[in-house]
Amino acid sequence: MQRIGFIVLPGFQMLSLSALSVFELANWEIGKPVYDVRLLSETGGSIRSSVGISVATEPFDNRNFDTLMVGGSAVAGALTPGVIKFLRRGLQRSRRVASTCTGAFVLAEAGLLDGRRATTHWHRARELQARFPK
């Protein structure tokens, strides 16, 4: 079973969760659970999106993930020291760390993109490059 952890930040954009559909469809096509997808947040519980829809999350813990993902957020201050610590630890404890769309800003802010090639939504790509030149 492949473990997928998706970090949900307050003010997340619903579109960022759409990437999880590929794991759902893969399980359906294969006919059995191959991917175990977990929504995560620093404290667990209900996290509200930018449009007001909330999702239930599990709190960060010491689990290892095959893939740890993060989406962006429309809320200032959503990226806390606890989230940064969890992401940095995830870089060492997961086979891969990834983001959807503006989640690249979250990874860059955590210092995880330094020295790496990265991309984001075309409308924000120059901003990412300017804010995080490393």
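Residues numbered from 1 in each chain as written. Predicted model: local features only at pLDDT ≥ 70, side-chain atom pairs only at ≥ 80, totals over all residues. Heavy atoms only, no water.

Trainee: Outline empty space enclosed by the protein, listing residues and values.
Mentor: Within this structure, the stated rule accounts for one cavity of 30 Å³ or more. There is about 40 Å³ of room inside the largest cavity. As for the largest cavity, its lining consists of R63, F65, L68, F86, R89, G90, R93 and S94. The dominant element in the lining of the largest cavity, judged by the number of residues it contributes, is helix 3 (residues 81–93), at four residues. Split into classes, the residues belonging to the lining of the largest cavity amount to three nonpolar, two polar and three charged. (1 Å grid on protein atoms, 1.4 Å probe; cavity = no way out; pocket = protein on both sides within 12 Å on 5 of 7 lines; lining within 4 Å. Points joined across faces, edges and corners; volume = space filled by probe spheres on them. Helix = DSSP H or I, 4+ residues; strand = E, 2+ residues; numbered from the N terminus. Nonpolar A, V, L, I, M, F, W, Y, C, P; charged D, E, K, R; others polar.)

Trainee: Got a sec to walk through the pattern of salt bridges? Specific residues and values, please.
Mentor: Evaluated as defined, the whole model comprises eight salt bridges. Across the pair E58 and R38 runs a salt bridge, and its minimum N-O distance is 2.9 Å. Placement of E58 in strand 4 (residues 54–59) and of R38 in strand 2 (residues 35–41) is noted, with a sequence separation of 20 residues between them. Judged by its relative accessible area of 25%, E58 is partly exposed. R124 is the partner of E127 in a salt bridge, and the nearest nitrogen-oxygen pair spans 2.7 Å. For E127, a relative accessible area of 31% translates into the label partly exposed. Classification of R124 by relative accessible area gives partly exposed; the value is 28%. Through salt bridges with shared partners, one network takes in D36, R38, E58, D61 and R63. (Salt bridge = Lys/Arg side-chain N within 4 Å of Asp/Glu carboxyl O. Buried < 20%, exposed > 50% of the residue type's maximum accessible area, 1.4 Å probe, protein only.)

Trainee: Give a description of the layout of surface pockets that names residues and reports values.
Mentor: By volume, the largest pocket is sized at about 270 Å³. Taken together, 16 residues form the lining of the largest pocket, with S73, V75, T102, F105 and V106 sitting closest to its centre. A total of three residues in the lining of the largest pocket trace back to one element, the largest contributor, which is helix 4 (residues 103–109). Class assignment for the residues of the lining of the largest pocket results in eight nonpolar, five polar and three charged.

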